[in-house]
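Structural overview for review
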Amino acid sequence: MIKIDTALGNWEMAWQTVLDAAGTQPLPRQYSPTIFTSPVIAVGAAAAAPYWQNQAIGYVNQEIETELIGLGFARSSGKKVVFSNELTIINFPFDANYRLSVDLFARLATTVTLSIYEYTGDIT
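The following paragraphs examine the structure supplied in this document.

A closer look at the pattern of salt bridges
Working definition: two side chains of opposite charge can pair if their charged atoms are close together. This model, assessed by the stated rule, comprises two salt bridges. Residue E63 pairs with R99 through a salt bridge whose shortest N-O separation is 3.8 Å. Placement of the pair is E63 in strand β4 (residues 56–65) and R99 in strand β8 (residues 98–104), with a sequence separation of 36 residues. Take E63: its relative accessible area is 5%, and that puts it in the buried class.

See the structure below:
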């Protein structure tokens, strides 16, 4: 178990994007342009369509950069569910530099605003 101080000053906006999942085709996997260093992040997702309020809408994954056989990033086993209109604090299993991949469920028929905050405080 870890302990964090959830004060506002211990969080930094790391990535925010609007994903258009309003079409009839599944949205391709999205990758954060940000490299994260803290294993603790907070994920906020806001769906425009009222139907998706407080519903699971997809996953975020920890993708760790490796030099194994030239494959680049490897997805960890830390797949976490994202809920619409809720803030979720995630503690990923590996303390390594990583990026995020985002998989929204197919055919959400709405736009989703995704906000990722990185924890910058002490972890004990």
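Structure shown, so let's carry the discussion forward.
Observations regarding unusual backbone geometry
The phi torsion at N54 lies on the positive side, around 60°, for a residue other than glycine. Examined against the element boundaries, N54 turns out to sit in the loop between β3 (40–47) and β4. Among the residues examined, N54 registers a relative accessible area of 44% and is labelled partly exposed. Of note in the backbone geometry, N85 takes a positive phi value of approximately 60° without being a glycine. The class of N85 is partly exposed, set by a relative accessible area of 39%.

Considering the packing of aromatic side chains
Counted according to the given criterion, the structure contains five aromatic pairs. Seen from their ring centres, Y59 and F105 are 5.4 Å apart, and the 80° between their planes marks the pair as edge-to-face. Of this pair, Y59 sits in strand β4 while F105 sits in the loop between β8 and β9 (110–119), placing them 46 residues apart in sequence. On the accessibility criterion, Y59 (26% relative accessible area) is partly exposed. Here the basic side chain of K79 rests over the ring of Y59, its NZ or CZ set 4.5 Å away from the ring centre.

What to know about the sheet that holds strand β7 (residues 86–91)
Spatially, four strands are ordered β1-β9-β3-β7 in an open sheet, and the strand pairing comes out antiparallel. Among the strands making up the open sheet, the edge pair consists of β1 (11–21) and β7. Pairs of neighbouring strands in the sheet enclose a mean axial angle of 20°, with direction left out of account. The sheet contact formed by β3 and β7 spans six bridges and is antiparallel. Counted as the bridge partner of I41 is I90 from β7.

Calculation notes
Residues numbered from 1 in each chain as written. Predicted model: local features only at pLDDT ≥ 70, side-chain atom pairs only at ≥ 80, totals over all residues. Heavy atoms only, no water. Salt bridge = Lys/Arg side-chain N within 4 Å of Asp/Glu carboxyl O. Helix = DSSP H or I, 4+ residues; strand = E, 2+ residues; numbered from the N terminus. Buried < 20%, exposed > 50% of the residue type's maximum accessible area, 1.4 Å probe, protein only. Phe/Tyr/Trp six-rings, centres within 6.5 Å; stacked < 30°, edge-to-face > 60°. Lys NZ or Arg CZ within 6 Å of the ring centre and 35° of its normal. Pairing = 2+ DSSP bridges. Axes fitted to C-alpha atoms, helices over the stretch in contact; angles between N-to-C directions.

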